[in-house]
Amino acid sequence: MTKRIGIIGGGAAGLFAACQLKRLGESQNAEVTIIEKNPISGKKLILTGHGRCNITNRKDAAVLKKGYHEAENFIYPALKEFGPEDTMEFFENELRLKLKEEENNRIFPVCDSAVRVRDTLVAYIADSTKTTGGTKVLEIKKNGFFEVVTDKGTFDFDYVILSCGGSSFTKTGSTGDSYKFARKHGHTVSPAKGALAPVKADAESVEFCKNLSGVSMNAGVSLYQEDKKTASFGGELLFAEFGLTGPAVMEISREIPLDAAEKKAYFELDLVPEMNDEEFDRELQKLIGEHADTKITTLLSRFVPASAAHEIAARAGAEEQYAQGFSKDMRKKICRGMKHLKIGIAKAPEIDKAYVTRGGVSLKEIDRKTMESKLVPSLYIIGEALDIDGISGGYNLQACMSEAYLAAKSILKADE
Ligand SMILES: Cc1cc2nc3c(=O)[nH]c(=O)nc-3n(C[C@H](O)[C@H](O)[C@H](O)COP(=O)(O)OP(=O)(O)OC[C@H]3O[C@@H](n4cnc5c(N)ncnc54)[C@H](O)[C@@H]3O)c2cc1C
């Protein structure tokens, strides 16, 4: 009997699912249809990796899983069954797209083109999958089989893979429809918030950030709520007109609470993470002693870019001060500015500017070995629709690929 399989959403997860169904199902009778509301599939995929597509991250599943925060145990079986090496083999041997490895095990296509990745996936499934672009799914009903109601008519399927994405970067088509459909079928959906997102500084700190707009540095970033440290992350940060961005800030952004302003959330930046407070104070004292005729801003620029040194000194009221006669009090203020720089957070990250969505369909209701819903047999949920968000570096696309593999395998095996 022919299996009628409907993939709702032709983003990364949906395209990967169609690829896996083709790969694994060659000897099977399956009719695969992707229903995508945009005229062309993969609108978000072509933005990935700054247009270069960071496909995966070459790490062992046991190490890789730690990049998925609270979802690490859920996703582990998927990563073990179809991990980065499998993804790479698929891209190189079946899609014939050469890959390269960059810093921190990040894998990119040699062509550096996310558009090419999308087009290659679309071409691969062209003979196995019917794609109905420009078709919006309005409702998914189940009466024995699935009736998928769209703005262009109704489709009947035996299996549905729900892959409509999360609710970040809405202009790409991910507008939270997965949540609506999953809820309708009894699933619990935790509130969506932005992850891997830039952060707006509050009124008190925004001027400081604006003055340093474009300056990047390696720093420790700690998040405080109600004066308690709740998270910390180290890496590159970038000052911007509106506040802060760059890898370290984007990674920690998922921890900012939705009620950031009420919780008086702020970042504490350590601009000299290679030294502890005492070491930095000792080093500064030494420099002050050795360079009496030098301005404090010049001495600070040994540790941070000159513009940052100037702003830190200005915050302490010492931008015109020379080392000679520099008081202990002043030195303490400078140490605080360099090691404990407070940047107030205006609000939780804007989901539309976030690279991924934190929150989504509860993992408790999904079988982690197949991605099938525990509430609705033959309904599979994959990709950003689920309450999984990974760190940056190819983790999110790898999650889509691993989950797509499990769903495809399970569907093709059903009733064998
Ligand atoms: C700027 C940017 C850069 C990124 N870079 C990387 C990277 O380099 N590496 C990495 O691992 N991750 C990266 N990510 C994250 C990654 O792109 C996502 O995790 C991934 O695209 C999620 O795939 P998905 O298929 O679940 O959702 P999506 O890609 O959002 O796809 C969902 C699809 O469903 C369609 N849809 C929605 N509702 C309906 C409906 N009602 N009817 C029909 N179709 C519907 C949408 O139009 C969309 O095409 C990046 C994200 C962004 C925004």
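What counts and how
- Residues numbered from 1 in each chain as written.
- Predicted model: local features only at pLDDT ≥ 70, side-chain atom pairs only at ≥ 80, totals over all residues.
- Pairing = 2+ DSSP bridges.
- Helix = DSSP H or I, 4+ residues; strand = E, 2+ residues; numbered from the N terminus.
- Axes fitted to C-alpha atoms, helices over the stretch in contact; angles between N-to-C directions.
- Near = placed C-beta within 6 Å.
- Nonpolar A, V, L, I, M, F, W, Y, C, P; charged D, E, K, R; others polar.
- Buried ≥ 20, exposed ≤ 12 C-beta atoms within 10 Å, placed from the backbone.
- Contact = placed C-beta atoms within 7 Å.
- Domains from an automatic or database assignment.
- Core = buried A, V, L, I, M, F, W, Y, C linked by C-beta atoms within 7 Å.
- Expected span 1.5 Å × (residues − 1).
- Parallel < 35°, antiparallel > 145°, perpendicular 65-115°, else oblique.
- Left-handed = near helix turned anticlockwise from the far one by under 90°.

**Student:** What is the right way to look at the sheet that holds strand β10 (residues 159–162) in this model?
**Tutor:** Strand pairing in a sheet relies on backbone hydrogen bonds. The paired strands run either parallel or antiparallel. In spatial order, the strands read β6-β2-β1-β10-β19; together these five strands make up an open sheet with parallel pairing. Looking at the sheet topology across the chains shown, the edges are occupied by β6 (129–132) and β19 (379–381). Each neighbouring strand pair of the sheet contributes to a mean axis angle of 20°, computed without reference to strand direction. Strand direction decides the pairing type here: strand β2 (residues 30–35) and β6, joined by four bridges, are parallel. Across the sheet, the residue bridging to Ile-35 is Thr-132, located in β6.

**Student:** What should I look at first to understand the site of the ligand in this one?
**Tutor:** Neighbouring residues of the ligand: 40 residues in total, closest Gly-9, Gly-11, Gly-165, Gly-173 and Gly-383. When residues of the shell around the ligand are traced back to their parent elements, those giving at least two are α1 (12–24), α2 (48–51) and α14 (395–413). No other element matches the four residues that α14 contributes to the shell around the ligand. Per-class residue counts for the shell around the ligand are 16 nonpolar, 17 polar and seven charged.

**Student:** Mind showing me how you'd approach the environment of Ile-46 here?
**Tutor:** Turning to its location among the elements, Ile-46 is positioned in the loop between β2 and α2. You can call Ile-46 partly exposed: it has 18 C-beta atoms within 10 Å. Linking Ile-46 and Thr-172, residues 126 residues apart in sequence, is a C-alpha distance of 9.7 Å. In contact with Ile-46, other than residues within four places in its own chain, are Ala-114, Val-115 and Arg-118.

**Student:** Explain the domain arrangement of the chain to me, please; I cannot follow it from the model alone.
**Tutor:** Often the size quoted for an interface is simply the accessible area lost on bringing the parts together. The domains assigned to the chain are domain 1 (3–194 + 351–413) and domain 2 (198–349). Here the C-alpha centre of domain 2 lies 39 Å away from the C-alpha centre of domain 1. Contacts between the two partners involve nine residues from domain 1, matched on the other side by nine residues from domain 2.

**Student:** Any chance you could explain the nonpolar core here in plain terms?
**Tutor:** Within the largest apolar cluster, 73 residues are counted, with the highest numbers of intra-cluster contacts made by Ala-17, Val-160, Leu-162, Tyr-380, Ile-381 and Ile-382. Ranked by residue count, the leading element in this core is α14, at twelve residues. If we skip the residues at most four places from it in the chain, Leu-162 touches Ile-8, Ser-178, Phe-181, Ala-182, Leu-379, Tyr-380, Ile-381 and Ala-385. The next biggest cluster of nonpolar side chains, apart from the first, holds 49 residues, and it includes Ala-248, Ala-260, Phe-280 and Leu-299.

**Student:** Whenever I open this one, the environment of Gly-383 confuses me. Can you help?
**Tutor:** Within the secondary structure, Gly-383 sits in the loop between β19 and α14. Separated by 16 residues in sequence, Gly-383 and Ala-399 place their C-alpha atoms 6.9 Å apart. If near-sequence neighbours (up to four positions away) are discounted, Gly-383 is found in contact with Gly-11, Ala-12, Ala-13, Ser-163, Gly-165, Cys-400 and Glu-403.

**Student:** Hey, could you run me through the sheet that holds strand β13 (residues 216–225) in this one?
**Tutor:** Taking strand neighbours across the sheet as the criterion, the six strands line up as β12-β15-β14-β13-β16-β17 in an open arrangement whose pairing is antiparallel. The open sheet has two edge strands with one neighbour each: β12 (199–200) and β17 (341–344). In this structure, β12 lies alongside strand β15 (residues 243–245), joined through two bridges in antiparallel fashion. Directly across from Val-199, in β15, lies its bridge partner Leu-244.

**Student:** Honestly, the pairing of strand β16 (residues 266–270) in this entry has me stumped. Any pointers?
**Tutor:** Among the five residues that make up β16, four are buried, leaving the element largely enclosed by the rest of the structure. As paired strands, β13 and β16 are joined by five bridges and run antiparallel to one another. What sits directly across from Gly-220, in β16, is Asp-270.

**Student:** Is there a simple way to explain α14 in this structure?
**Tutor:** Here α14 spans 27 Å end to end across 19 residues, near enough to the 27 Å set by a 1.5 Å rise per residue. Just downstream of α14, Asp-415 is the residue with a positive phi angle, here 55°.

**Student:** Whenever I open this one, the packing of helix α10 (residues 277–290) against helix α13 (residues 328–339) confuses me. Can you help?
**Tutor:** How two helices pack is summed up by the angle between their axes together with the distance between the axes. Running from N to C, α10 and α13 point in directions that differ by 130°, and their axes come no closer than 10 Å. With respect to each other, α10 and α13 are oriented oblique. When the axes of α10 and α13 are compared, the crossing they make is right-handed. In this structure, α10 contributes Asp-277, Phe-280, Asp-281, Leu-284 and Gln-285 to the contact, and α13 contributes Arg-331, Ile-334, Cys-335, Met-338 and Lys-339.

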